[in-house]
Amino acid sequence: MEALNKTEQLEAARALINAIEQDDDDRIKTELMALTNARESALFQQIGKLTRELHEALNNFKVDARLVDLTHNDMPDTRDRLNYVIQTTEEAAHKTLGYIDKTLPLANELKQTAAKLNESWQRFRNREMSATEFRDLSREIEAYLPVVTMHAGEIHNNLSEMTLAQGFQDLTGQVLRQVIGLVEEVETNLVKLVKVAGQPQQSGEAKVVDPLKAEGPQINAKNKPNVVNNQDDVDDLLSSLGF
Amino acid sequence: MKILIVDDFSTMRRIIKNLLRDLGFNNTIEADDGLTALPILNAGGIDFLVTDWNMPGMQGIDLLKTVRADPKLSTLPVLMVTAETKREQIIEAAQAGVNGYIVKPFTAATLKEKIEKIFERINAQ
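Notes on the structure follow. (Residues numbered from 1 in each chain as written. Chains lettered and ligands numbered in written order. Predicted model: local features only at pLDDT ≥ 70, side-chain atom pairs only at ≥ 80, totals over all residues. Heavy atoms only, no water.)

**What to know about the overall build of chain B**
Heads up, the rule is: Helix and strand definitions follow DSSP, with helices as H or I runs of at least four residues and strands as E runs of at least two, each counted in order from the N terminus. To sort residues, take the accessible area from a 1.4 Å probe on protein chains only and compare it with the maximum for the residue type: under 20% means buried, over 50% means exposed, and anything in between is partly exposed. Any two residues whose heavy atoms approach within 4.5 Å are treated as being in contact. All accessible-area figures derive from a Shrake-Rupley calculation using a 1.4 Å probe, and residue coverage is judged against the displayed protein chains alone.
Each helix and strand counted, chain B has five helices and five strands in total. Going residue by residue from the N terminus, the α and β elements of chain B occur as β-α-β-α-β-α-β-α-β-α. Counting only residues that meet the buried cut, chain B has 53% of its 125 residues in that class. Summarising the internal contacts of chain B: among those between residues at least 6 apart in sequence, 62% fall at separations of at least 24. When the accessible surface of chain B is summed, it comes to about 5,500 Å², and 52% of that surface belongs to carbon and sulfur atoms.

As C-alpha cells, then:
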C-alpha cells in the first residue's frame, strides 16, 4: 500500500472522527485500518532502505582484499608465530639447563680432588709425610693435572654452548615484533569497521574487570598502580597484612 | 621431605627442581596444573607444595583453596611462585592461606629465604 500524502492523511483522519461521532463501528474500523496501513508501509520502506545500505556496506567490506588476507592467513600465522616463541624459548631453557647439569659435576670433581691434594700437600710441607706417602701424593698430582686440563676444556665448551643457546632471544624478538605489527594493522581495520557501521555506540556501563584474573607477566608494570614491581614490594605488602 | 612442584611450563618446573636440589631437597615430583596435582596430593606423602598461579585446567589459587578446604591437606605448607603481581591477587593468596609468595623472575636466594622462613614458622608453632 502506498504511503498517504498530507491531504489524504487529513481526509482519512476527518473520516475517522466523523465515524466515531456517528458511532459507526464498521467505518471506524475501516478508516483506522487505512491510517495504520499507511504508517506501517512507510516503516517497511525505511527498513528496506536500511537493509540495502547494510548489505552494500558489508559487500564493500568483503571486497577489501587485505582484510580477507588478514583473517585467512595472518591470524593463523600469528598463532603459529606465538607458539613458535613458546617452543623456541622452552628449547633454549632446556638446552641451557642440560649443559648446567653436565658442568656442575665436573666443577665439583675438580674442587674435591684439589681439596684432598691440598690437605696432603700441607702435611708434606709440615714434614708429617713418609717417603712412601709422598710417592703416592706425587702420583696423585700427576694424575690430577691432565684431568684439570680435560675438565676445564669441557667446562669451557659447555659454557660456549649455553651462550649459543641464548640466540633464542634474537629469533623470538623478531617474531614478536611481527606480531605487534599485525595487531596494529588489525586495530586500524577495526577502527575503519566502526566508521563504516556509523557512530560507535556509547557504552553505558564500564567494563567489568576481575582483579583476580591471571594475566601473566605485566607489561609496563611501572605505570600500573595496582601492580607490585618486585619481591620487596610483595614482602612489604604481605607484612602490612600482618603476614 | 617430598616436594610437589606445579607449573604448566616444564622449563620452570625444571629450574625450581634444580634450585631445590641445590638446597638439599632431592625428593621432588611434578604436576602441570591443579587438576593433575590433586590426585598426587590426595595419594599422600607430599610435605611441601610449590605452585604457579596461571595454569590451564585448575589455577594455582584454586588449588590452594582446595588444599586448605580439605581436612587431610589443610596444614600443607604452600609456596606460590608466579608472574601474577597485582596487589589484589597477592592479598587474595594471603587470605586463602598461602605460606609464601614469590614473583617471577626470582633468584635462588629468594627461594632459599622463603622456604627457610616457612620452616622456621612451622617449627615455632
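**Overview of the packing of helix α6 (residues 231-240) of chain A against helix α4 (residues 87-95) of chain B**
Filter applied, for reference: Axes here mean lines fitted to C-alpha atoms, for a helix over just the part in contact, with angles spanning 0 to 180 degrees between N-to-C directions. Roughly parallel here means an angle under 35 degrees, roughly antiparallel means over 145, roughly perpendicular means 65 to 115, and every remaining angle is called oblique. Throughout, a crossing is termed right-handed when the near helix is turned clockwise from the far one, and left-handed when it is turned anticlockwise from it by less than a right angle. Note on residue categories: nonpolar means Ala, Val, Leu, Ile, Met, Phe, Trp, Tyr, Cys or Pro, charged means Asp, Glu, Lys or Arg, and polar means any other residue, Gly included.
Contact geometry for α6 of chain A and α4 of chain B: axes closest at 10 Å, N-to-C directions at 50°. As summarised for this structure, α6 of chain A and α4 of chain B are arranged oblique, according to the angle between their axes. When you trace α6 of chain A past α4 of chain B, the crossing you get is right-handed. Between α6 of chain A and α4 of chain B, the contacting residues are Val 234, Leu 237 and Leu 238 of chain A on the first element and Arg 87, Ile 90, Ile 91 and Ala 94 of chain B on the second. Classifying every residue of the contact of α6 of chain A with α4 of chain B gives six nonpolar, no polar and one charged.

**With respect to the nonpolar core**
Put simply, the test is: Definition of nonpolar core: a set of buried residues of the types Ala, Val, Leu, Ile, Met, Phe, Trp, Tyr and Cys, connected through side-chain atoms within 4.5 Å.
If you look at the biggest cluster of nonpolar residues, it comprises 31 residues, and the most contacted ones within it are Leu 4, Val 6, Leu 41, Leu 49, Leu 63, Val 67 and Tyr 101 of chain B. Of all elements in the fold, only α6 of chain A together with β1 (3-6), α2 (34-42), α3 (60-69), β4 (78-82), α4 and β5 (100-103) of chain B reach the threshold of two or more residues within this core. The greatest single-element share of this core, amounting to four residues, is contributed by α3 of chain B. Core analysis: the second largest hydrophobic core is formed by 16 residues, Met 12, Leu 20, Phe 25 and Val 81 of chain B among them.

**Observations concerning the side chain of Thr 11 of chain B**
Tracing the chain through its elements places Thr 11 of chain B in helix α1 (residues 10-22). For Thr 11 of chain B, the contacting residues outside a window of four places in its chain are Glu 90, Ala 93, His 94 and Leu 97 of chain A.

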